[in-house]
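This is what each chain is made of:
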Amino acid sequence: MSEGDPALALLDTGRMRGLEIGPLSRPRVKKSEGKIFYVDHRSTEELRRAYSANSLMRPHLDEIVDVDYVIKDGSSLSEAIGPDGPFDYLIASHVLEHLADPVGWLRDVARALTGDGLVSLVVPDKRFCFDLNRPLTRPGDWVDWYLRELKAPSYGQLFDFFAHVTTIDGMVDTLGLWAGTADYTGVRRADVPDPDAAAFAACERHKQTGEYMDVHTGVYTPGSLVPLLELSVRLGLLPYEIAYFLPTRRDSLEFHVTLRICEDRAKALGSYAGASELLASADAPEPVPAGAATSPPLTPSAAPEALREHRRGRGGRLSPFRH
């Protein structure tokens with residue numbers, strides 16, 4: 001088990017077979033460290049061509065990993081891996097917020113995993129990233145997106161993103177937000193004269209061309225994601241318990257949730273109650289950031305000490321696996 005990266009908590013990467021979604025040039029688990037297989041919506045060469053125009057990624061094009069499974073438009077993860085499954089775990093760092101239908105995606109992931117497989121989610125906390133002025137994703141949103149079987153962002157998802165992000169390049173002063181020295185009250189993207197008009201134009205372009213636009217479809221905090229997952233389990237939509245939970249730590253913009261497949265619904269629901277109690281027992285309740293600084297993980301082991309730095313060079317709208 002890794003001692004440094006919370007995304008690897010509970011994962012015995014030396015023994016288990018795993019999948020990592022969209023690692024680009026900085027995988028959480030390297031091929032030399034275990035039986036890991038990489039998944040993306042593009043092949044390695046396609047990714048290198050796509051990111052050749054990205055100034056942050058250009059020096060690292062040769063470091064982009066060899067993609068083992070390519071998920072083509074309209075296909076699923078379970079279809080992409082085919083007979084090579086099941087796997088013991090899946091790592092999805094900054095993926096959940098890009099999904100048009102998180103419930104449908106998590107159901108598909110379960111089909112690719114063993115009976116007690118693990119899903120490690122690393123999720124940006126909207127209070128400390130460019131989503132900070134956007135409304136939280138609601139339970140009704142998840143239900144709506146699931147029943148509509150969305151395969152690409154809806155017009156509503158596109159409009160909310162393009163109209164209400166604080167900066168289109170994704171850069172905000174996370175440290176200043178924690179320290180209380182940065183104020184983004186009412187701030188919207190400044191790269192266009194009218195964010196609403198730009199958002200509507202993006203929706204019209206999508207309608208006319210069918211172009212896939214990679215955006216943050218979902219907006220989450222630790223305290224908002226837990227009830228969404230719990231509801232999905234209670235409705236019989238998802239077969240997961242929370243095996244590990246680390247709320248956003250001070251000066252970070254992300255939190256960690258590791259799910260384990262669990263067909264015992266009562267047992268699974270108990271884990272969500274435990275996560276809710278963890279959040280309620282913090283020094284300050286959601287959404288006050290200071291409370292996250294001292295919150296322990298929901299696991300018997302001690303919390304890892306260091307977070308891997310936020311992976312830059314993943315901005316833009318080139319793939320639905322990018323933040």
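Above this text you will find the structure in question.
Below is a summary of the structure that appears in this document. Keep in mind the model is a prediction, meaning the values are calculated, not measured.

## Focus on the sheet that holds strand β6 (residues 240–246)
- If you walk across this open sheet you meet the seven strands as β3-β2-β1-β4-β5-β7-β6, and the pairing is mixed. At either end of the open sheet lies a strand with only one pairing partner, and these are β3 (69–70) and β6.
- As paired elements, strand β4 (residues 87–93) and strand β5 (residues 113–124) share six bridges and run parallel to each other. Note on β5: the bridge partner recorded for Y89 is L118.

## Remarks on the packing of helix α5 (residues 155–164) against helix α7 (residues 195–209)
- Closest axis-to-axis distance for the α5/α7 pair is 8 Å, and the angle between their directions is 145 degrees. Judged by the sense of rotation from one axis to the other, the crossing of α5 with α7 is right-handed. Contacts from Y155, L158, F159, F162 and A163 of α5 reach α7 at P195, D196, A199, F200, A202, C203, H206 and K207.

## Description of the pairing of strand β1 (residues 17–21)
- The buried fraction of β1 is high, at four of five residues.
- Sheet topology note: the β1/β4 ladder contains three bridges and is parallel. Paired with E20 across the strands is I91, a residue of β4.

## Thoughts on a nonpolar patch on the surface
- Residues V143, L147 and L235 make up a contiguous nonpolar surface patch of about 270 Å² in total accessible area.
- With respect to the helices and strands, L235 occurs in the loop between α8 (222–234) and β6.
- Residue L235 is classed as partly exposed on the basis of its relative accessible area, which comes to 47%.

## A look at the packing of aromatic side chains
- Under the counting rule described, the total for this entry stands at seven aromatic pairs.
- Seen from their ring centres, Y69 and F87 are 6.3 Å apart, and the 80 degrees between their planes marks the pair as edge-to-face. Taken together, the positions of Y69 in strand β3 and F87 in strand β4 put the pair 18 residues apart, joining distant regions of the chain. For the pair Y69 and F87, one class covers both residues: buried.
- With centroids separated by 4.2 Å and ring planes inclined at 5 degrees, the aromatic side chains of F128 and W178 adopt a geometry described as stacked. With F128 in the loop between β5 and α4 (139–147) and W178 in helix α6 (residues 174–179), the pair connects residues that are 50 residues apart, well separated along the chain. One exposure class covers both F128 and W178, and it is buried.
- Of the aromatic side chains, those joined through ring pairs into one cluster are F37, Y69 and F87.
- Over the aromatic face of F87 sits the side chain of R17, whose NZ or CZ is 4.2 Å from the ring centroid.
- When the ring centre of Y38 is taken as origin, the NZ or CZ atom of K31, which lies over that ring, is 5.0 Å away.

The rules behind each value
- Residues numbered from 1 in each chain as written.
- Predicted model: local features only at pLDDT ≥ 70, side-chain atom pairs only at ≥ 80, totals over all residues.
- Heavy atoms only, no water.
- Pairing = 2+ DSSP bridges.
- Helix = DSSP H or I, 4+ residues; strand = E, 2+ residues; numbered from the N terminus.
- Axes fitted to C-alpha atoms, helices over the stretch in contact; angles between N-to-C directions.
- Left-handed = near helix turned anticlockwise from the far one by under 90°.
- Contact = heavy atoms within 4.5 Å.
- Buried < 20%, exposed > 50% of the residue type's maximum accessible area, 1.4 Å probe, protein only.
- Patch = residues over 30% accessible without salt bridge, like charges linked within 9 Å, V, L, I, M, F, W, Y side chains within 5 Å.
- Areas by Shrake-Rupley, 256 points an atom, 1.4 Å probe, with all protein chains shown as cover.
- Salt bridge = Lys/Arg side-chain N within 4 Å of Asp/Glu carboxyl O.
- Phe/Tyr/Trp six-rings, centres within 6.5 Å; stacked < 30°, edge-to-face > 60°.
- Lys NZ or Arg CZ within 6 Å of the ring centre and 35° of its normal.

Distances and angles like these do not, on their own, reveal function.
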